[in-house]
Amino acid sequence: MAVRTRRERVLTFFFVPALVFAVVVLLGVTFRNSFQLEKLREQSVVEATLTLANEKADRLDKRIIEQDNAVLSLVDLGDREAFGQAWLAVAARQTPTISNVFLVDLGSKEREVVAFATRVPPLEAEMERRIFVRSILPELDLAEPRTQLRHLHKTVDRQSYLVSYWQRDVRGKNLLLVAWHDVPRVVHDLFPALYSERDQNARVNVVDESSRIVFGPSLSRGSFTLGRPFETTLYKWRVNVTLVSAAELTEAVARRRTLELALVGTSWLVVLVGLTVVLVAAARERKLSNLKSDFVANVSHELKTPLSLVRMFGELLQSGRVENDEKRQQYLQIIVSESERLGSLIENVLDFAKVERGKAAYQFSNANVRDVVSRAVEACRVRAQREQVELVLELADDLPATEMDERAIEIAVINLVDNALKYAPDGRRVLVSARRAAGQIEIRVTDEGPGIAAEDKKRIFERFERGRGAQSKQIRGSGIGLALVKHIAEAHGGRAWCEPAEPRGSVFVLSVRLREGNGHERSVASREATA
Ligand code: ADP
């Protein structure tokens, strides 16, 4: 079971949460700033648009009132005969949108138009006069204060009309002076003059009371389009303004926000991935270090057992107290096989150390697979006999010679047979076979043991890893045998794996790529191969 060190505990329980907290805070602050900044930007754009809309609306009011005042100063209210003559002389220049001027006697019973001056042809003038008397005059606001300039903006038969009017007392008579503005002319002449496209930053239009466009282009209904009614003159209509730069600004803001979000998201992801990598690496390191400690303990134990046997039987022989030759022979046999076991263990450890340091060098030569596998099996024969296991060798007839490191393959096969004898003690038979298969030679070692648990299948080929069964049954071992086999197989262009045997047991397979050549030395980067 992997035990966390103090530093790891600090990392997991303090540093990681602190880091996550810091990132969350950073994320929150970034978002808040971004939103606030956007709000401020929006606010300033709204303010700028509103100011512009006010200024545009006031511009029209000012122009109309200027003309109204011009009419008032030009018309002589006391002289009905020459009424409006002075105005008519300069009207086209000074009051271009005023087409008629009426003088009404408010004291008369019918509110009679007592004087009338016009700039339009007689027929049209007569029509406008009639509209004035019938639809406009009754609507005029004549309440106090009477002298004030007032405006009436009215729609009659879907036509918009605008009049400016004042009350004046002249020689005891209450008179009403009315200036009739030609609204189509306001639209066609005055609006373009006032709201021309010269202003690159803003787009302007004017809409009527039903929001139909009277002048100008249609404006997108973005958040930066603002409208304002004309305050005094065409008060049923409104002027709308869109800042051209505002649309760009909206886009820029949106783009920037997306970018900021993407950046923050990516950083968040990087931190998360980084953290995960650190934690996984720490966990792996912890596991590996525990495996290494187990390995040291296991190897020491493995060395100790045969050494004490050798020593014990050696001392017995030395003491001369061994009764007969048969016993002496038996003791000698034990000494030999235990020192063999010791030798192969040391060889394994040394080879593995080379692999670990990346110093594993293989001497490839054109070799006969039959010879190599037979030699390995013979090396294990005595032990198999002692354990009363039948060791069977089955070699296909068509096995060709191939490039391989004879000693390495021998070690790999010995490791596999050794495992079969070790982990399948109740099995009576271990079969070692070699055959040709799709550009490869497969060497298979089949036992009748307990087999391999599915979850152990891959793991047991990793360095220092031991199967659950081996640990629970306290079978001696160091966890490097199969890692070495895998490395050797991969160095030979093949691989190592295990599969279940029928009816029980497991088959360990070592494959070697078929290659014919003259032999050479090849170093193999072992870390990748064994990791
Ligand atoms: P070791 O034998 O020293 O533990 P190995 O790398 O040779 O190390 O084997 C790794 C693990 O694979 C063993 O601990 C054992 O659990 C499992 N194993 C290997 N060979 C066999 C086998 N023939 N039958 C069952 N389990 C096996």
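Computed from a predicted structure; not experimentally measured.

(A) Quick look at the nonpolar core. Counting residues in each nonpolar core, the largest one holds 54 residues, and the members touching the most others are Y362, L391, I409, V413, V417, V432 and L510. Counting residues per element, this core draws most heavily on helix α8 (residues 406–423), at nine residues. When near neighbours in sequence (up to four residues on either side) are disregarded, V432 contacts V373, V377, L391, V392, L393, E394, V413, V417, R444 and V445. By size, the runner-up hydrophobic cluster in this structure holds 25 residues, among which are Y195, F224, W237 and L243.

(B) Spatial organisation of empty space enclosed by the protein. Under the defined criterion, the tally for this structure stands at one cavity of 30 Å³ or more. Residue lining of the largest cavity: T30, F31, S34, R257, E260 and L261, and that is the complete set. At the level of secondary structure, the elements contributing two or more residues to the lining of the largest cavity comprise α1 (6–74) and α5 (244–319). For the lining of the largest cavity, the class distribution of residues is two nonpolar, two polar and two charged.

(C) Summary view of the pairing of strand β1 (residues 98–105). Within β1, eight of the eight residues are buried, which leaves it mostly tucked inside the rest of the structure. Relative to strand β5 (residues 173–181), β1 is paired through seven bridges, and the arrangement is antiparallel. If you follow L103 over to β5, its bridge partner there is L177. Once β1 ends, the chain turns through six residues before running back antiparallel as strand β2 (residues 112–118), passing R111 with a positive phi of about 55°.

(D) Geometry of the packing of aromatic side chains. A complete count under the given rule lists 15 aromatic pairs for this structure. Both rings, one in Y161 and one in W180, keep their centres 5.4 Å apart while their planes meet at 55°; by these two values the pair is tilted. Here Y161, found in strand β4 (residues 159–170), pairs with W180, found in strand β5; they are 19 residues apart in sequence, far enough to count as distant. Relative accessible area serves as the criterion here: at 2%, W180 is assigned to the buried category. Here the aromatic rings of F191 and F215 are separated by 5.5 Å at their centres, their planes lie at 50°, and the arrangement is tilted.

(E) The arrangement of the sheet that holds β5 in detail. Spatially, the five strands line up as an open sheet ordered β2-β1-β5-β4-β3, and their pairing is antiparallel. Single-partner strands in this sheet number two, and they are β2 and β3 (150–156). Neighbouring strand axes in the sheet, compared pairwise and without regard to direction, differ in orientation by 25° on average. For β1 and β2, the ladder comprises six bridges, and the chain directions are antiparallel. Each residue of the ladder has a partner; that of L103, found in β2, is A115.

(F) Here's a closer look at the site of the ligand. Lining the immediate surroundings of the ligand are 20 residues, of which Y423, D447, R466, S478 and L482 lie closest. G479 places a polar main-chain atom, nitrogen or oxygen, 2.9 Å from an oxygen atom of the ligand. Taken together, the elements giving at least two residues each to the shell around the ligand come down to α8, α10 (481–491) and β16 (506–513). Considering each element in turn, the shell around the ligand owes the most residues, four residues, to α8.

(G) Highlighting the packing of helix α6 (residues 325–356) against α8. The N-to-C vectors of α6 and α8 enclose an angle of 120°; their axes lie 12 Å apart at closest approach. Here α6 is positioned oblique relative to α8, judged by the angle of their axes. Of the two possible hands of crossing, α6 and α8 adopt the one that is left-handed. Facing E347, N348 and D351 of α6, the residues of α8 in contact are R407, I411 and N415.

(H) Highlighting the pattern of salt bridges. By the definition in use, this model includes 26 salt bridges. The closest approach of N and O atoms between R383 and E387, which form a salt bridge, is 3.5 Å. You can call E387 partly exposed: its relative accessible area is 30%. A salt bridge links R444 to E442; the nearest nitrogen and oxygen atoms lie 2.9 Å apart. For the residue pair R444 and E442, the accessibility class agrees, reading buried in each case. Each of K287, D456, R459, E465 and R468 takes part in salt bridges that share partners, so that together they form one network.

(I) Representation of the side chain of R444 in the model. Topologically, R444 is positioned in strand β14 (residues 440–446). Overall, R444 belongs to the buried group, its relative accessible area being 13%. Side chain to side chain, R444 and E442 meet in a polar contact 2.9 Å long. One polar contact links R444 to E499, side chain to side chain, over a distance of 2.6 Å.

(J) Seen up close, the layout of surface pockets. Of the volumes computed, that of the second largest pocket is approximately 490 Å³. Taken together, 21 residues line the second largest pocket, and the ones lying closest to its centre are L291, D294, F464, R466 and Q471. Elements represented by at least two residues in the lining of the second largest pocket include exactly α5 and α9 (468–472). Of all the elements, α5 adds the most residues to the lining of the second largest pocket, at eight residues. Within the lining of the second largest pocket, the residues separate by chemical class into seven nonpolar, six polar and eight charged.

(K) Expanded view of the sheet that holds strand β8 (residues 225–229). Spatial ordering of the open sheet is given by β7-β6-β9-β8, a layout of four strands whose pairing is antiparallel. A strand with exactly one partner marks an edge of an open sheet, and here the two such strands are β7 (213–215) and β8. Pairwise comparison of adjacent strand axes, ignoring direction, gives a mean angle of 35° for this sheet. Against the sheet, helix α4 (residues 183–195) engages β6 (202–207) and β7, with an angle of about 80° to β7.

Thresholds applied
- Residues numbered from 1 in each chain as written.
- Predicted model: local features only at pLDDT ≥ 70, side-chain atom pairs only at ≥ 80, totals over all residues.
- Heavy atoms only, no water.
- Core = buried A, V, L, I, M, F, W, Y, C linked by side-chain atoms within 4.5 Å.
- Buried < 20%, exposed > 50% of the residue type's maximum accessible area, 1.4 Å probe, protein only.
- Helix = DSSP H or I, 4+ residues; strand = E, 2+ residues; numbered from the N terminus.
- Contact = heavy atoms within 4.5 Å.
- 1 Å grid on protein atoms, 1.4 Å probe; cavity = no way out; pocket = protein on both sides within 12 Å on 5 of 7 lines; lining within 4 Å.
- Points joined across faces, edges and corners; volume = space filled by probe spheres on them.
- Nonpolar A, V, L, I, M, F, W, Y, C, P; charged D, E, K, R; others polar.
- Pairing = 2+ DSSP bridges.
- Phe/Tyr/Trp six-rings, centres within 6.5 Å; stacked < 30°, edge-to-face > 60°.
- Axes fitted to C-alpha atoms, helices over the stretch in contact; angles between N-to-C directions.
- Near = heavy atom within 4 Å.
- Polar contact = N/O pair within 3.5 Å; in protein donor to acceptor, adjacent residues only side chain to side chain.
- Parallel < 35°, antiparallel > 145°, perpendicular 65-115°, else oblique.
- Left-handed = near helix turned anticlockwise from the far one by under 90°.
- Salt bridge = Lys/Arg side-chain N within 4 Å of Asp/Glu carboxyl O.

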